[in-house]
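# Analysis of the macromolecular model
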Amino acid sequence: MSAIDIVTMRGITPRVEPHLLPDEVAVVARDCHFDHGVISPLEEDVSAGVTLPITPKTLFKYGQNWFAWNKIVEAINSPIAQDAYGRVYYTDGEYPKVTNFQIATGGVNKPTAWYRLGVPAPGVPVGISTITPPEGSKDDDITDDETRYYVDTYVTAMGEEGPPGPASGKVAIPIPDSTVTLALSPPQSQDNNITKRRIYRSVSGGGLADYLLVAELPITQASFVDSRADGELGPALETYDYAPPPAALRGLCQMANGMCAGFAGNSLYLCEPYLPYAWPEKYRLTTEHDIVAIAAIDTTLVIGTKGFPYLAQGVSPASVTNQKLSQLPQACISACSMVAMDGVVLYASPDGLVGIGAGGGQVVTDPIITRKQWQAMKPETLRAWHHEGRYVAMTDTHAFIFDPKSGDLRELTNRWDAAVSDMESDRLFVAKGTDLQVWRGGPVGNGQFVWRSKLFMMPDGTPLGCCRLLAGDITKVGIKLTVDGEQVMDLPPGNLASGTFRLPPVRGRWWQVEVYGTSVVKRITLAGSMAEFM
């Protein structure tokens, strides 16, 4: 006698017709997981004990505090080990910003305060007021005449030094040991936390010329008298190219070796290693199309654009080169869909989810879902996060979990406003309004799942009169049976006292079974008689 025996279960493959699916693949798999090869309900979300001041679109965990923004923000921790200032850098569409523990957590809305990221170059050259020779000296030796120039830089309260401003006019000193009085202009803007100024002067000798440090002064000081001999000067100026990031910078992310990356338009920017405030123009790379999102895998950066994706690879900013993946014409259509996980970056394209690693990429959902089915989910609105090796995603109309290793796809009905994956606690925190919760943080699965089998094709007129369900708690499981497109049975949870029971006396060719409830279902068997279960 014919029988249907489902011993393992997994998610859906919408691309394939229901009667052509493998026995374990579902037509509907909603709010369940298959970590043990059987149907298990997802655990409930539990409160994290935090009430947020706003309904956020972006979350960021900062020690025991939570940053919450009502717009899309890309934030990273400082790449400096044990950063004494606890800095966080972020881009939010206004201009790149930096905050630290001294100013970030003082108010209800966090971060409470911030500074503009980067240190500008002085806009006015150092002025030369007077040159005063030593008392009683005479200009009687032309061989000891000196010509020098001065430049200055700004320094923040956190010791970040910017690029030099324009050089001063030529300073001719005919008598050694003369003093030079310098006139100093205040910064043109003061939203970068500038507190000091460094004065450098040109020194030449041994065939080399450079600017050496003369003094570090409070930014409020308006003049300075330089009386130092060449041997008393400090280190050479090193911040020639330390330009601030462009105001339009987005997508801030960290790579290996202290590198940080961001983009504006079709330009990719890289900072000096471990110095996210300095973005030299010499490290800028370009792409054919405007960049939408970036994500890092070690020393490789995956760049999603409005056209071809790119890989940028290198162990230092100076060595990074980008490569267009011309064999993969898949645009990134949602910046919030790009997630790096397990050595692969996933993002939403018009045809499906694209997976790119250091060696190339492909549309990883192509065997599972068609372009038409994918487009119906509104992938341009997709937001995603990683959790336990899974890609957890949500659009304006759908939500799903995708396992890139097994290709397993499941539906979700749970929704939230913002989320962040916390590696330290290995949890996904979700914000539902102002309530912060831990996704799947409950001890048991209390949410109702739905799992509908493939369409089993039997010999015409097959009678299957008995069913056996192996479940953790049979009283918490319901079952529906459809034969030849007509539902012939629906037993909600609480109606099954035993896992073995009789089915309605029907015959048919196309059989489909659906189980739902809040308990684990380990096996589903339909047979012609009870004797077949022996």
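Note that the coordinates shown come from a computational prediction; the quantities given were computed from them, not determined experimentally.

Next up on the list: the overall build of the protein. The helix and strand inventory of the protein stands at one helix and 46 strands. Counting only C-alpha atoms, the protein reaches 125 × 50 × 30 Å along its principal axes. Within the protein, the proportion of its 534 residues that are buried is 48%. Here the contacts in the protein between residues at least 6 apart in sequence split such that 59% fall between residues at least 24 apart. Here the protein has roughly 23,600 Å² of accessible surface; of this, 50% comes from carbon and sulfur atoms. Each charge sign in the protein was given a centre, from 44 positive and 58 negative side chains, and these centres are 9 Å apart.

Attention now goes to the packing of aromatic side chains. Scanning all chains against the criterion turns up ten aromatic pairs. Relative to F67, the ring of Y62 lies with its centre 4.9 Å away and its plane at 25 degrees, an arrangement referred to as stacked. Each member of the pair, Y62 as well as F67, carries the same accessibility label: buried. An angle of 80 degrees between the planes, with centres 6.2 Å apart, marks the rings of Y242 and Y277 as edge-to-face. Taken together, the residues span a long stretch of sequence, with Y242 in the loop between β19 (223–226) and β20 (250–254) and Y277 in the loop between β22 (267–270) and β23 (285–286) at a distance of 35 residues. Judged by relative accessible area, Y277 falls into the buried class, the value being 5%. A connected cluster of aromatic rings, assembled from ring pairs, spans F60, Y62, F67, W69 and Y90.

Within the fold, D92 resides in the loop between β9 (88–91) and β10 (97–99). Judged by its relative accessible area of 7%, D92 is buried. Polar contacts involving the side chain of D92 include one to the side chain of K71, which spans 3.4 Å. In this structure D92 touches K71, I72, V73, K97 and R250, once residues within four positions along its chain are discounted.

Attention now moves to the sheet that holds strand β24 (residues 291–297). The strands that make up a sheet are held in pairs by hydrogen bonds between backbone atoms, and each pair lies either parallel or antiparallel. Reading across the sheet, the four strands line up as β24-β25-β26-β27 and stay open at both edges, with antiparallel pairing between neighbours. Only two strands of the sheet have a single neighbouring strand rather than two, namely β24 and β27 (321–324). For this sheet, the mean inter-axis angle between neighbouring strands, taken without regard to orientation, is 20 degrees. Examined bridge by bridge, β24 and strand β25 (residues 300–305) share six bridges and lie antiparallel to one another. Note that in β25 the partner of A293 across the bridge is G304.

Put simply, K110 and P111 share a cis peptide bond, and its omega is 0 degrees. Mapped onto the fold, P111 is located in the loop between β10 and β11 (115–116). A positive phi angle is found at Y274, which is not glycine, with a value near 65 degrees. As for its position among the elements, Y274 is in the loop between β22 and β23. You will see that R440, though not glycine, has its phi angle at about 55 degrees, which is positive. Residue position: R440 is located in the loop between β38 (435–438) and β39 (449–453).

What counts and what doesn't
- Residues numbered from 1 in each chain as written.
- Predicted model: local features only at pLDDT ≥ 70, side-chain atom pairs only at ≥ 80, totals over all residues.
- Heavy atoms only, no water.
- Helix = DSSP H or I, 4+ residues; strand = E, 2+ residues; numbered from the N terminus.
- Buried < 20%, exposed > 50% of the residue type's maximum accessible area, 1.4 Å probe, protein only.
- Contact = heavy atoms within 4.5 Å.
- Areas by Shrake-Rupley, 256 points an atom, 1.4 Å probe, with all protein chains shown as cover.
- Lys, Arg positive; Asp, Glu negative; His and termini not counted.
- Charge placed at Lys NZ, Arg CZ, Asp CG, Glu CD.
- Phe/Tyr/Trp six-rings, centres within 6.5 Å; stacked < 30°, edge-to-face > 60°.
- Polar contact = N/O pair within 3.5 Å; in protein donor to acceptor, adjacent residues only side chain to side chain.
- Pairing = 2+ DSSP bridges.
- Axes fitted to C-alpha atoms, helices over the stretch in contact; angles between N-to-C directions.

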